[in-house]
Amino acid sequence: MPASYAYLGPEGTFTEVALRTLPETATRELVPYVSVQSALDAVRAGEAEAAFVPIENSVEGGITTTLDELVAGQPLMIYREVLLSITFALLVRPGTKLSDIKTVTAHPAAQPQVRNWLKAHLPDVVWESAASNADGARLVQEGRYDAAFAGEFAAARYGLEALETGIHDAENAQTRFVLVGRPARPAAPTGADKTSVVLWQRDDHPGALRDLLGEFATRGINLMLLQSRPTGAGIGNYCFCIDAEGHISDRRVAEALTGLKRICLQVRYLGSYPRADAGASDVETPRPGTSDEEFVAAADWVARCQDGRF
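Residues numbered from 1 in each chain as written. Predicted model: local features only at pLDDT ≥ 70, side-chain atom pairs only at ≥ 80, totals over all residues. Heavy atoms only, no water.

The name given to the chain in an unreviewed UniProt entry is Prephenate dehydratase, with the source organism recorded as Streptomyces griseicoloratus. The Catalytic activity (unreviewed entry) comment attached to the chain in UniProt states, word for word, "prephenate + H(+) = 3-phenylpyruvate + CO2 + H2O". Here the chain is described in UniProt, under the heading Pathway (unreviewed entry), as follows: "Amino-acid biosynthesis; L-phenylalanine biosynthesis; phenylpyruvate from prephenate: step 1/1." (UniProt positions renumbered as here; feature names shortened; annotations may be inferred.)

Okay, structure coming up:
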């Protein structure tokens, strides 16, 4: 029996489309789950080798459901990421006209991406959230709602028609998906990588966030995502989800993580993995003074000073 990948289902989600771009899915059983939480829990329970879930979109930023699941519970690790361009279709039961639509549904992350279109074409419609865009299509098929925003490819799967296509408020909107598994040794660096961590402050004081970010800045590490999430310990208590340029095997990244481990209450390492937006010409060029060779030379100079060989 082939190993399985869990993903946010049901069949016909953007998540499934993005997942199928990975070559290894040809030898994996792809199993849809009803939520991000259940897909990740399948990995934690050993029921799936990995889970594929959305984590960020270019309109609203980080997808909080996924971030919160990675922040809490048994640790998991990101191994891959995929970027997918997103446009929506308005799916309806055959024969439905635009004037017939009183209720629409989709995943909550879809609403900010179609808000202006709704205002212009269906200003009085009632919005209801679904577990996923494809699940919204299924609910329309069952007669629960009049229309759903989903990928046009989901229409045939659920016996619906695409009344409108190419719907998006923002040009070139993208969603980032990640392949998440149990913790293990990260893949070798490619030269165009990303490292993800979650940071908890030791205490709240003026400049606390600056202190955390300074560990990256002084080593010339660019941040690609910074999002705060409540810890549940009361108003004003937050942890920080961060994507940083580079790989944990890079000296500058390793030293930044060492510094963060020293000053933070807790650091959760979520993995180092290839950037999906990097091409052959996008190999990272560290700022002067932050290359591995310069870190080695500086450490060697300190050792010589300690030995009186300066």
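Peer 1: Describe unusual backbone geometry, with residues and values.
Peer 2: A cis amide bond, omega 5°, links Gly9 with the succeeding residue Pro10. Relative to the helices and strands, Pro10 is located in the loop between β1 (4-8) and α1 (14-19). (Helix = DSSP H or I, 4+ residues; strand = E, 2+ residues; numbered from the N terminus.)

Peer 1: Provide a residue-level description of the packing of helix α2 (residues 36-44) against helix α3 (residues 64-71), including the pertinent values.
Peer 2: The angle between the axes and the distance between the axes are what describe a pair of packed helices. Look at α2 against α3: their axes get within 9 Å of each other, and the N-to-C directions meet at 30°. As judged from the angle between their axes, α2 and α3 are roughly parallel. By crossing handedness, the relation of α2 to α3 is classed as right-handed. Residue-level contacts link Val36, Gln37, Leu40 and Arg44 of α2 to Thr65, Thr66, Glu69 and Leu70 of α3. Of the residues belonging to the contact of α2 with α3, the class tally is three nonpolar, three polar and two charged. (Axes fitted to C-alpha atoms, helices over the stretch in contact; angles between N-to-C directions. Parallel < 35°, antiparallel > 145°, perpendicular 65-115°, else oblique. Left-handed = near helix turned anticlockwise from the far one by under 90°. Contact = heavy atoms within 4.5 Å. Nonpolar A, V, L, I, M, F, W, Y, C, P; charged D, E, K, R; others polar.)

Peer 1: Talk me through the UniProt feature "site: Essential for prephenate dehydratase activity" (unreviewed entry) in the chain; I want residue IDs and the actual numbers.
Peer 2: Under the local residue numbering, the UniProt record ascribes the feature "site: Essential for prephenate dehydratase activity" (unreviewed entry) to Thr175. By the element assignment, Thr175 lies in strand β11 (residues 174-181). In this structure Thr175 comes out as buried when scored by relative accessible area, which is 8%. In this view, Thr175 contacts Pro54, Glu56, Asn57, Val82, Leu83, Leu84 and Ile86; residues no more than four positions away in its chain are not counted. (Buried < 20%, exposed > 50% of the residue type's maximum accessible area, 1.4 Å probe, protein only.)

Peer 1: Provide a residue-level description of the environment of Val253, including the pertinent values.
Peer 2: Turning to its location among the elements, Val253 is positioned in helix α8 (residues 251-263). Counting along the chain gives 32 residues from Val253 to Ile221, while the straight-line C-alpha distance between them is 7.4 Å.

Peer 1: I'd love a proper account of the sheet that holds strand β9 (residues 147-150), names of residues and values included.
Peer 2: Strand order in the open sheet made by the five strands is β8-β7-β9-β6-β10, with mixed pairing throughout. Looking at which strands have only one partner, the edges of the open sheet turn out to be β8 (126-129) and β10 (161-167). Taking each pair of neighbouring strands and ignoring which way they run, the sheet shows an average axis angle of 25°. Here four bridges tie strand β7 (residues 103-106) to β8, and the two strands are oriented parallel to one another. Counted as the bridge partner of Val104 is Trp127 from β8. (Pairing = 2+ DSSP bridges.)

Peer 1: Explain the environment of Leu40 to me, using residue names and the numbers behind them.
Peer 2: Tracing the sequence through the fold places Leu40 in helix α2. Through-space distance from the C-alpha of Leu40 to that of Leu257 is 25 Å; in sequence the pair is 217 residues apart. Not counting chain neighbours up to four residues away, the residues in contact with Leu40 comprise Ala51, Val53, Glu69, Leu70, Leu76 and Val180.

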